Amino acid sequence: MNTILTTILIITGITTTLALLLTLANTYIADYGERKIRINKDKEFIVEGGNTLLSSLIENEIYLPSACGGKGSCGYCKCAINEGGGPVLPTELSYLTEDDMKNNVRLSCQVKVKADMEIQIAEDLLNVKQFEAIVEKTEDLTSTIKLLRLKITDGQEIEFKAGQYVQLLAPPYPGSPDEVFRAYSIASSPNNKGYIDLIIGYVPDGLLTTYVHKHLSEGDEILFNGPFGDFYLQDCEEDAILVAVGTGMAPIRSILFEMLNKKIDRNTIFFFGAKTPEDLFLLDEMTMFEKELPRFKFVPTLSRAPEESQWKGEEGRVTDAMMKFLEKKEGREAYLCGSAPMIDSTVKTLVERAFADNKIYYDKFD
Amino acid sequence: MENVNPFVILFASIFTSNMILANFLGMCSFIAVSKEIKTSLGLGQAVTFVLTGTTIINYLVYHHVLVPFGLEYLRFIVFIITIAAFVQLVEMVVERYLPNLYYSLGIFLPLITVNCAILGVSLFMVIRDYTFIQSVAFGFGSGLGWLLAILAMSGIRQKIKKAPIPKGLEGAGITLFITGLMALAFIGFSGIVQIQ
């Protein structure tokens, strides 16, 4: 009995002493006081020193894209720090190009605010806002893909370009102790400023997809910020090729709505890849687009169509279907959305079909 | 082990009982961070500093708190807690008061918390019944030995960057092979002195 008591007392004593030491150090050593951040030589605000630049900006409602939520693994939250950033950290090196280094570009999630700072952020990003919304509708598009309609409830309106994305915030839930931000392309029409649609696939153990698929239901409140991204429909007359696989459908759907809204009459062909007939979705809408847009064609392609399914459409990967449909010709644009390997192989095929590198726009996701 | 000169322990822990090459402790960071000499030097220095510091603290905690109460069996958990707290504390101090050191070394400190060599040295110190001075020599020497091994490895890895290594052996595979060869080379020192 004595041994048990002594053990508990000693362990408690040691841990309490260490915790006390750490708390004191955190209060006195890690306290950097109030610091000033000046953005684009214009806006200025005071923040609590010692936090990362990314979180200090978020506190002041400036949202840099950060798909990993500030863990230093996505490399999106870049901004130029002209003063007060200190030397580049080894953790930033692999995400910074030579041009970035020359222009004082840093990863805002790695740099801590310890001195007054002078930073530069693209004007577009200063327009990024945080929105409060409720889940107005959830619809199962396939067994693993959901369409989510988020209605903005805080009186704001969202202005975005077809193809851009937002960051959705999952609050802590059983199995995920921290808040997580993840990026999703907007799937709805830019004309609808009161809500956005998202198409979200279930990824086993994915923190946000698990939240959306297993915990979120209609009527729930949710936060998102945006819009972000430079993948959007360009103002151009040339023929367009759209390519997507699975949830890559989202930005393409938004682009098609935009073409419909603005009555853009371009020769457009959309190659959509799935595995089996059950993985195809929004087919009615595609038929509608084909009717309303005179020169639009939808080509679904199945990579694993079962023999008994009597599938009469294209088979194989999307790149196979593209080889069949596209002749070698210059002066065309391409918009691609999907996984990295899919984008890489599609770009290769398009270049073989005489597409110019700078006319291939894509949104790559992991 | 009262009769062993601390300098002998220092020498032996660098060469003949090297933490990596004789005990294979601290391998994960050794393999992951030995790609470039500059980062290896930073990590090696940080390991040396933390090893010396934690060996001293763990010696004091063990002999002045655990032994008097007969709680030696708690050494695993207590050593781990001490190491974690020490690393956190050092990181905060270095970040605040030694910014230049922080940029070159501080970034590696959190990585060191989970380095098995740190816990290994504190446990060896107890098993071999070292005195305080011997423990300090052992901790410092083990750190220098780890630094020497990772520097040598990063030098070799930089040299073989363009070598035609079979695809499946690239990265960790070839590093383990080289570590094995280095360990064989270090056996050459073993005739000089032994502390095990």
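Every chain begins its residue count from 1, and numbering advances along the sequence as written. A letter from A marks each chain and a number from 1 marks each ligand, given out in the order of writing. A pLDDT threshold of at least 70 governs which residues receive local features in this predicted model, and a stricter bar of 80 or more applies before side-chain atom pairs are shown or counted, although totals over entire chains, interfaces and linings include all residues. To get the side-chain values, take all heavy atoms of the structure and skip hydrogens and water.

It is worth spelling out the environment of Lys36 of chain A at this point. Only DSSP runs of H or I covering at least 4 residues are called helices, and only runs of E covering at least 2 are called strands; the numbering of each starts at the N terminus. The residue Lys36 of chain A is located in strand β1 (residues 34-39) in this model. By the convention used here, residues are in contact when the closest approach between their heavy atoms is within 4.5 Å. Each residue touching Lys36 of chain A, except ones within four places of it in the same chain, is listed here: Glu44, Phe45, Ile46, Asp116 and Met117 of chain A.

Residue and element names in this part refer to chain A. Three exposure classes are used, based on accessible area relative to the maximum for each residue type with a 1.4 Å probe and protein chains only: buried under 20%, partly exposed in between, and exposed over 50%. Among the seven residues in strand β12 (residues 239-245), six count as buried, and that is most of the element. The pairing criterion for strands is at least two bridges between them, as found by DSSP. One ladder, built from six bridges, connects β12 with strand β13 (residues 268-274); its direction is parallel. Across the sheet, residue Val245 finds its bridge partner in β13, namely Gly273.

Glancing now at the packing of aromatic side chains. Residues and elements named next belong to chain A. Centres within 6.5 Å are what make two rings of Phe, Tyr or Trp a pair, Trp counting through its six-membered ring; a difference in plane orientation under 30 degrees is then read as stacked, over 60 as edge-to-face, and the rest as tilted. Under the definition given, this model contains 20 aromatic pairs over all chains. Arranged with centres 5.1 Å apart and planes meeting at 25 degrees, the rings of Phe131 and Phe224 form a pair that is stacked. A residue pair is termed long-range when its members are at least 10 positions apart, and Phe131 in strand β6 (residues 129-140) and Phe224 in strand β11 (residues 221-228) qualify at 93 residues. Of the two residues examined, Phe131 and Phe224, each falls in the buried class. Each ring, one from Phe231 and one from Tyr335, has its centre 6.2 Å from the other, and the planes form 65 degrees; the classification is edge-to-face. In this pair, Phe231 is assigned in the loop between β11 and β12 and Tyr335 in strand β16 (residues 332-339), connecting sequence segments 104 residues apart. Like Phe231, the residue Tyr335 is buried in the burial classification. An aromatic cluster is present here, built from Phe270, Phe272, Phe281 and Phe298 joined pairwise through their rings. Across the ring face of Tyr232, the terminal group of Lys161 is positioned such that the distance to the ring centre comes to 4.1 Å. Note on criteria: charge over ring means Lys NZ or Arg CZ within 6 Å of the ring centre, with the direction from the centre no more than 35 degrees off the ring normal.

So, on to the state of the cysteines. All names here are of chain B. Disulfides are defined as cysteine sulfur pairs within 2.5 Å. Evaluation of the coordinates by the stated rule reveals zero disulfides over all chains. Looking at Cys28, it has no disulfide partner, and the nearest cysteine sulfur is the one in Cys116, 4.8 Å off. A relative accessible area of 37% places Cys116 in the partly exposed class.

Moving on, we come to the packing of helix α3 (residues 37-66) of chain B against helix α7 (residues 116-127) of chain B. Residues and elements named next belong to chain B. α7 packs onto α3 with a crossing angle of 40 degrees between their chain directions and a minimal axis gap of 9 Å. Taken together, α3 and α7 sit at an angle that is classed as oblique. Crossing of α3 against α7: the hand is right-handed. Across from Val47, Val50, Leu51, Thr54, Thr55, Asn58, Tyr59 and Tyr62 in α3, the residues of α7 making contact are Ala117, Ile118, Val121, Ser122, Met125 and Val126. The residue classification treats Ala, Val, Leu, Ile, Met, Phe, Trp, Tyr, Cys and Pro as nonpolar and Asp, Glu, Lys and Arg as charged. All others, Gly included, are polar. Classifying every residue of the contact of α3 with α7 by side-chain character gives ten nonpolar, four polar and no charged. Only the stretch in contact is used when fitting a helix axis, every axis being a line fitted to C-alpha atoms; angles between N-to-C directions are given from 0 to 180 degrees. The labels follow the angle: roughly parallel below 35 degrees, roughly antiparallel above 145, roughly perpendicular from 65 to 115, and oblique for the rest. For a crossing to be left-handed, the near helix must be turned anticlockwise from the far one by less than a right angle; the clockwise case is right-handed.

Taken residue by residue, the interface counts 22 residues in chain B and 25 residues in chain A. Throughout, the accessible surface (probe 1.4 Å) given up by two parts as they are put together, summed over both, is called the buried area. Taken together, the two surfaces of chain B and chain A that pack against each other cover about 2,000 Å², and 77% of this comes from carbon and sulfur. Per-residue buried area on chain B facing chain A is highest for Met92, Arg96 and Tyr103 of chain B; these three make up 31% of the total on that side. Salt bridges are defined as contacts in which a side-chain nitrogen from Lys or Arg sits within 4 Å of a carboxyl oxygen from Asp or Glu. On inspection of chain B and its partner chain A, the count reaches two salt bridges.

All right, on to the pairing of strand β3 (residues 78-83) of chain A then. Residue and element names in this part refer to chain A. One ladder, built from three bridges, connects β3 with strand β4 (residues 105-107); its direction is antiparallel. Pairing of Cys79 across the sheet is with Arg106, part of β4. Alignment of β3 against strand β5 (residues 117-120), held across three bridges, turns out to be antiparallel. Across the sheet, residue Ile81 finds its bridge partner in β5, namely Ile119.

Residues and elements named next belong to chain A. Between Gly226 and Pro227 the backbone carries a cis peptide bond, its omega angle lying at -5 degrees. Position of Pro227 relative to the elements: it lies in strand β11. Look at Lys41: it is not a glycine, yet its phi comes out positive at around 55 degrees. Judged by relative accessible area, which is 64%, Lys41 ranks as exposed. For Asn104, which is not glycine, the phi torsion reads 60 degrees and is therefore positive. Checked against the element boundaries, Asn104 lands in the loop between α4 (98-102) and β4.

The pLDDT score gives, residue by residue, the confidence of the prediction method on a 0 to 100 scale. Of the residues in chain B, 98% have a pLDDT of 70 or more, and the chain-wide mean is 89. In the model output, the complex is listed with pTM 0.65 alongside ipTM 0.81.

What follows concerns the nonpolar core. All names here are of chain B. In plain words, nonpolar cores are sets of buried Ala, Val, Leu, Ile, Met, Phe, Trp, Tyr and Cys residues tied together by side-chain atoms within 4.5 Å. In terms of nonpolar packing, the biggest core is built from 58 residues, with Phe30, Leu43, Ile112 and Trp146 touching the most fellow members. Sorting elements by how many residues they give to this core places α3 first, with nine residues. Residue contacts for Phe30: discarding those within four places in its chain leaves Ile20, Trp146, Ala149, Ile150, Met153 and Thr179.

A separate point is the packing of helix α1 (residues 6-14) of chain B against helix α8 (residues 132-159) of chain B. Residues and elements named next belong to chain B. Their axes nearest at 7 Å, the elements α1 and α8 cross at an angle of 25 degrees. Accordingly, the angle class assigned to the pair α1 and α8 is roughly parallel. As α1 packs across α8, the resulting crossing turns out to be right-handed. Of the residues in α8, those in contact with Pro6, Ile9, Leu10, Ser13 and Ile14 of α1 are Ile133, Gln134, Ala137, Phe138, Phe140, Gly141, Ser142, Leu144, Gly145 and Leu148. Looking at the contact of α1 with α8 residue by residue, the classes come out as ten nonpolar, five polar and no charged.

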